[in-house]
Amino acid sequence: AGELGLSLRLADVPTRGALEHDHVVAFSESLGRFVIEVAPEAATELERLLDGFPAACVGEVREDDTFSVHGVSAAPLITADVASLRAAWRGHLQG
């Protein structure tokens, strides 16, 4: 809705064991995995509240409309604009 992009780093996602495969980190499911968006000025307080839990900052909202994902080796995996991703997601439901 905000037309803002995202920069995401899979290497920073907390996992059990070694990070070896991008698809495992990106698509594995966990009942306890959440994405929380917080204003930068509130990040320190959130980190304090989550101390002791497997939590990490894995990305930032971008001011432009670029959605980017970097893999566990920091190599770029996805770079696309939000409008193109929305069109692919909604497909024939546009309107």
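Structure: see above.
Notes on the structure in this doc start here. Everything numeric in this text was worked out from a predicted model, so none of it was measured. (Residues numbered from 1 in each chain as written. Predicted model: local features only at pLDDT ≥ 70, side-chain atom pairs only at ≥ 80, totals over all residues. Heavy atoms only, no water.)

Take the overall build of the protein next. If you tally the helices and strands in the protein, you get 3 helices and 4 strands. A burial count over the protein gives 11% of its 95 residues as buried. For the protein, the accessible surface area stands at approximately 7,500 Å², while carbon and sulfur atoms represent 59% of it. Side chains of the protein carry 7 positive and 15 negative charges; the gap between the two charge centres is 5 Å. (Helix = DSSP H or I, 4+ residues; strand = E, 2+ residues; numbered from the N terminus. Buried < 20%, exposed > 50% of the residue type's maximum accessible area, 1.4 Å probe, protein only. Areas by Shrake-Rupley, 256 points an atom, 1.4 Å probe, with all protein chains shown as cover. Lys, Arg positive; Asp, Glu negative; His and termini not counted. Charge placed at Lys NZ, Arg CZ, Asp CG, Glu CD.)

We now examine the sheet that holds strand 1 (residues 5-9). The strand order across the open sheet formed by 4 strands is 2-1-3-4, and the pairing between neighbours is mixed. With one partner strand each, in any of the chains shown, strand 2 (59-62) and strand 4 (76-81) form the two edges of the open sheet. Each adjacent strand pair in this sheet contributes to an overall mean axis angle of 10 degrees, direction not counted. With 4 bridges connecting them, strand 1 and strand 3 (residues 66-70) associate as parallel partners. When the bridges of strand 3 are listed, Leu 6 appears paired with Phe 67. In the packing of helix 3 (residues 82-90) onto the sheet, the strands contacted are strand 1, strand 3 and strand 4, and the crossing angle to strand 4 comes to about 90 degrees. (Pairing = 2+ DSSP bridges. Axes fitted to C-alpha atoms, helices over the stretch in contact; angles between N-to-C directions. Contact = heavy atoms within 4.5 Å.)

This next bit is on the side chain of Thr 66. Within the secondary structure layout, Thr 66 lies in strand 3. Here Thr 66 falls in the buried class, since its relative accessible area comes to 19%. Excluding residues within four positions of it along the chain, Thr 66 makes contact with Gly 5, Leu 6, Thr 79 and Ala 80.

Here the focus is the pattern of salt bridges. Summed over the entire model, instances satisfying the criterion amount to 5 salt bridges. Between Arg 9 and Asp 12 there is a salt bridge, with its nearest N and O atoms 2.6 Å apart. Judged by its relative accessible area of 26%, Arg 9 is partly exposed. (Salt bridge = Lys/Arg side-chain N within 4 Å of Asp/Glu carboxyl O.)

Bridge analysis of strand 1 against strand 2 gives 4 bridges, and the strand direction is antiparallel. When the bridges of strand 2 are listed, Ser 7 appears paired with Glu 60.

Attention shifts here to unusual backbone geometry. Most peptide bonds are trans, and most residues other than glycine sit at a negative phi. A positive phi angle is found at Ala 74, which is not glycine, with a value near 75 degrees. Take Ala 74: it is sitting in the loop between strand 3 and strand 4. Taking relative accessible area as the criterion, Ala 74 reaches 51% and is therefore assigned exposed.

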